[in-house]
Amino acid sequence: MTTTRTPRARLTAAAVTAAVCALALTACGSGSSGSDAGAADGAAKERTVTDATGAKVTVPGTPKKVVVLSEMDLDSALALGVTPVGLTAGRGQTGAPAYLAAKAKGIPLVGAVTGPDLEKVVAAEPDVILAGQIADSQVLKQLKAIAPTVVTIDGTKSWKKALTVTGDVLDKPAAAKAFLASYDQRVAAVRTAIGSRAGSTVSVARYSPKGTAVMQQGVFISDVLKDLAFQRPGLQSRQGEGHSTPLSAEDIGQLDADWLFIGTLTSTGQSAGGTGLVAKLSADPAFKDLGAIKAGHATEIDGSQWTSLGGATAAMNVLDDIERAMKA
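The model shown is predicted, which means the values in this text are computed figures rather than measured ones. (Residues numbered from 1 in each chain as written. Predicted model: local features only at pLDDT ≥ 70, side-chain atom pairs only at ≥ 80, totals over all residues. Heavy atoms only, no water.)

S.K.: Explain the overall build of the chain to me, using residue names and the numbers behind them.
M.R.: Across its full length, the chain carries 12 helices and 13 strands. For the chain, the proportion of its 328 residues judged to be buried stands at 49%. For the chain, long-range pairs separated by at least 24 residues make up 64% of all intrachain contacts whose partners lie at least 6 apart in sequence. Of the roughly 14500 Å² of accessible surface on the chain, a fraction of 53% belongs to carbon and sulfur atoms. (Helix = DSSP H or I, 4+ residues; strand = E, 2+ residues; numbered from the N terminus. Buried < 20%, exposed > 50% of the residue type's maximum accessible area, 1.4 Å probe, protein only. Contact = heavy atoms within 4.5 Å. Areas by Shrake-Rupley, 256 points an atom, 1.4 Å probe, with all protein chains shown as cover.)

S.K.: Let's hear about the packing of aromatic side chains: which residues, and what values?
M.R.: Following the criterion strictly, the structure yields four aromatic pairs and no others. Centre to centre, the rings of W159 and Y183 are 4.8 Å apart; their planes meet at 80 degrees, and the pair counts as edge-to-face. With W159 in helix α6 (residues 159-169) and Y183 in helix α7 (residues 173-194), this residue pair connects regions lying 24 residues apart in the sequence. The pair formed by W159 and Y183 is uniform in burial state, with each residue classed as buried. Taken together through their ring pairs, the aromatic side chains of W159, F179 and Y183 make up a single cluster. (Phe/Tyr/Trp six-rings, centres within 6.5 Å; stacked < 30°, edge-to-face > 60°.)

S.K.: Which residues make up the pattern of salt bridges, and what values do they have?
M.R.: Taken as a whole and assessed by the stated rule, the structure comprises five salt bridges. Taking the shortest distance from any N to any O, the salt bridge between D320 and R186 comes out at 2.9 Å. Here the residue D320 occupies a position in helix α12 (residues 312-326), and R186 occupies one in helix α7, the gap between them amounting to 134 residues. For D320, a relative accessible area of 28% puts it in the partly exposed group. Residue classification places R186 among the partly exposed positions, given a relative accessible area of 21%. When salt bridges with common partners are traced through the structure, they connect R186, D320 and E323 into a single cluster. (Salt bridge = Lys/Arg side-chain N within 4 Å of Asp/Glu carboxyl O.)

S.K.: Lay out the sheet that holds strand β10 (residues 212-214) with the relevant residues and their values.
M.R.: Spatially, five strands are ordered β11-β10-β9-β12-β13 in an open sheet, and the strand pairing comes out mixed. Here the strands that pair on one side only, and so sit at the sheet edges, are β11 (245-247) and β13 (298-302). Put simply, the sheet's adjacent strands are angled 35 degrees from each other on average, direction ignored. The sheet contact formed by strand β12 (residues 259-264) and β13 spans five bridges and is parallel. Among the inter-strand pairings, I262 is bridged to a residue of β13, identified as E300. Packed on one face of the sheet, α12 meets β12 and β13 and runs near 130 degrees to β12. (Pairing = 2+ DSSP bridges. Axes fitted to C-alpha atoms, helices over the stretch in contact; angles between N-to-C directions.)

S.K.: Could you give an account of the nonpolar core, naming the residues involved and the relevant values?
M.R.: By size, the foremost hydrophobic cluster in this structure holds 58 residues, and its most contacted members are L74, V150, W159, V169, I221, F261 and I322. Broken down by element, the residue count for this core peaks at eight residues, all from α12. In contact with I221, not counting residues within four places along its chain, are V204, M215, W306 and V318. (Core = buried A, V, L, I, M, F, W, Y, C linked by side-chain atoms within 4.5 Å.)

S.K.: An account of unusual backbone geometry is needed here, citing residue identities and associated values.
M.R.: Residues apart from glycine generally show negative phi values, whereas peptide bonds are mostly found in trans. Here the phi dihedral of E125 falls at roughly 50 degrees; this positive angle occurs in a residue that is not glycine. Turning to its location among the elements, E125 is positioned in the loop between α4 (118-123) and β7 (128-130). What makes E125 partly exposed here is its relative accessible area of 33%.

S.K.: Describe the side chain of D75, with residues and values.
M.R.: Relative to the helices and strands, D75 is located in helix α3 (residues 71-79). Here D75 is buried and forms no salt bridge, its nearest opposite-charge partner K103 lying at an N-O distance of 7.3 Å. At 3.1 Å, the side chain of D75 and the backbone nitrogen of A314 are in polar contact. With residues up to four places along the chain from it excluded, the contact list for D75 reads Y99, L100, G310, G311, A312, T313 and A314. (Lys, Arg positive; Asp, Glu negative; His and termini not counted. Polar contact = N/O pair within 3.5 Å; in protein donor to acceptor, adjacent residues only side chain to side chain.)

S.K.: Which residues make up the side chain of E300, and what values go with them?
M.R.: Assignment of secondary structure puts E300 in strand β13. Buried and without a salt bridge, E300 has K280 as its closest oppositely charged side chain, separated by 9.6 Å. Of note is the side chain of E300, whose polar atom sits 3.1 Å from the backbone nitrogen of L277.

S.K.: Describe α6, and please don't skip the residues or the numbers.
M.R.: Those residues of α6 lying buried are W159, A162, L163, V165, T166, G167 and V169. Of the residues that open α6, the one with a side-chain oxygen 3.3 Å from the backbone nitrogen of K160 is S158. A positive phi of about 65 degrees marks D171, the residue just after α6.

Written out as structure tokens, the structure is:
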């Protein structure tokens, strides 16, 4: 069977399996799951983990070659001290999300937001695949023919749950637990640092010359803001249908809040043309009368971590950004 997700992903499961056999020189068709080969390399005994869908997956004791198929998976792996052997491009990026680019330098690209390139996944010779939120049964079947495949992101898209699943898969549950504890401590510290501003209303938006989109509930950044007890104005307090909600120029008033954090996926700090985004918006008739703009409470942020899928490192960076912007 084939998948129609992307033209480059049109490999049958049988073809993928054959390619894996050729590349990895494993004894295919013998009924072996690969654990013998792992044992020969001194790897720990196989383990069974539960993925984000509740499925049981047998994985190597300590995976050595990990392919990540979402930016949240990349973030989780790097946060736990594991450098993947393959990654997919972040939303609006040609490679890793901008905030992870330095740590991910040199990791081969094996796909895009639209889906993995199965030939490149095969070439990476993974011993485990972190499949993010892939739900396409055809694609998952093909991935499973390459290596044990774990869906890490459930319907809540919670980075905390994804980090916990990833920690289990990578044999680093204690590291994941420690990271979450440090995050909670950092949240408490930021709430103390910003004082009474912790109860403020906060808007988060992604800007583009083609239009502005607002971040509603059910996405990464809204979960972080909820941890800080911020309020969200208008439709931002409600569950969104997708990852972000486009606004017309007439609806920019939906962004009116005590504080505004806005950015693009392609730049941080300074927008194209050398003019800061906030300065540009301050002269824009649709934005200039927003309360946050008039009060000087608008901050340009890195959209690749604030307004995309997010992750553990992104969450910590967001806390840093908020403290810098709002510290009393």
